[in-house]
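What follows is each chain in one-letter form.
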Amino acid sequence: MAGSQTSSMLPGRASCERSPPRLLLCAVAVAVAMAVAEVTWLLPAGRLLPAGRLGPGAWKGAGRNLNKAGVGRRAARRLSFSQAHPDLKYLIKRFNFTDEEALIYSDLRSPVSVDKVELILDWLVRIICLDEQQLRILVLKWPKIFGTSIETYKVNVGWLSKQGLSEEQIRSLIKRKVDIVRIETGIRNRYERVVAWLSRNGFAKADRVKVMTALPEILNYKVDTLKEKFEILSEHIRPLAEVVKILVRDPSVLTVHVSRIQYRCRILKRREWDIKMKLGTMHFTEAKFAARFE
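The structure reproduced in this document is the subject of the present report. Everything quoted here is computed from the prediction, not taken from an experiment.

With that out of the way, let us pick up the overall build of the protein chain. Helix and strand counts for the protein chain come out as 15 helices and 0 strands. In the protein chain, which comprises 294 residues, the proportion classed as buried is 36%. Accessible area for the protein chain stands at about 17,600 Å²; split by element, carbon and sulfur atoms hold 57% of it.

Taken as a whole, helix H13 (residues 240-249) has its buried residues at Glu242, Val243, Val244, Ile246, Leu247 and Val248. Tucked inside the fold, the buried residues of H13 contact helix H11 (205-214) and helix H12 (223-236).

Of the consecutive residues Arg238 and Pro239, the connecting peptide bond is found in the cis state with omega at -5°. Positive phi outside glycine occurs at Asn96, with the angle close to 55°. Topologically, Asn96 is positioned in the loop between helix H4 (86-95) and helix H5 (99-108). Asn96 gets classed as exposed once you look at its relative accessible area, which sits at 60%. In this structure, Glu272 is a non-glycine residue whose phi angle is positive, near 60°. Residue classification places Glu272 among the exposed residues on the basis of a relative accessible area of 73%.

Rules used in this analysis
Residues numbered from 1 in each chain as written. Predicted model: local features only at pLDDT ≥ 70, side-chain atom pairs only at ≥ 80, totals over all residues. Heavy atoms only, no water. Helix = DSSP H or I, 4+ residues; strand = E, 2+ residues; numbered from the N terminus. Buried < 20%, exposed > 50% of the residue type's maximum accessible area, 1.4 Å probe, protein only. Areas by Shrake-Rupley, 256 points an atom, 1.4 Å probe, with all protein chains shown as cover. Contact = heavy atoms within 4.5 Å.

This is the structure:
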């Protein structure tokens, strides 16, 4: 009798086999509860939804809350940056950067001394004649401008002046693309090769100035790429001086990929169109060009 009572009090085989699933269910229940708590924290106040009704609006609100949390972390990071790097602290105070602007700026720039920052800002104001708001925009647009020495800036401005650009043209160029005067000696050698290539192919000094001011990124192009594009155009447009004239008027044609220039010149020639009058079509989308000419 006692033995039977003892045996009845002990868990049987079936009970033992059911125990692991119960433990598993408990673990799942805990995980679900934690997930619900996490979702509840993310949802906007007053918009707790019953189970099974987590619609797009709820997740949109959760995204906003996450973004707010992210902004808080970024603000703390900005504070740590401004404390660690006096130059960033100086710029935040001078230009009244927002949290987002300070974060982006701190990620893209390299720390420098406050003296160097003030020296370059003063040089930019004197050379480009920017007011404080324009200077703020320039600094935000080109965070790496303080990574170049003032001597490099002066040498490069002098180089642009030797190419025939007036002070006003140099100011305009720096406003649009200040990187053009951040170049080091090695890169400037590439610029000189591009200018020499333009000169060899019939671009007079005034023409080169127009091309550089309208399309400053041409100075970063490889000469071989420019040569290939120029040769394709010269095959379909005569005389050569006409190609130069067209490119001076619209140098953006040189930004189009070689294969597109080649293909579209061939199509326009087959259709007996005057290519020099249709070079604007090089910027058409594939669909627009096909609908018009193919």
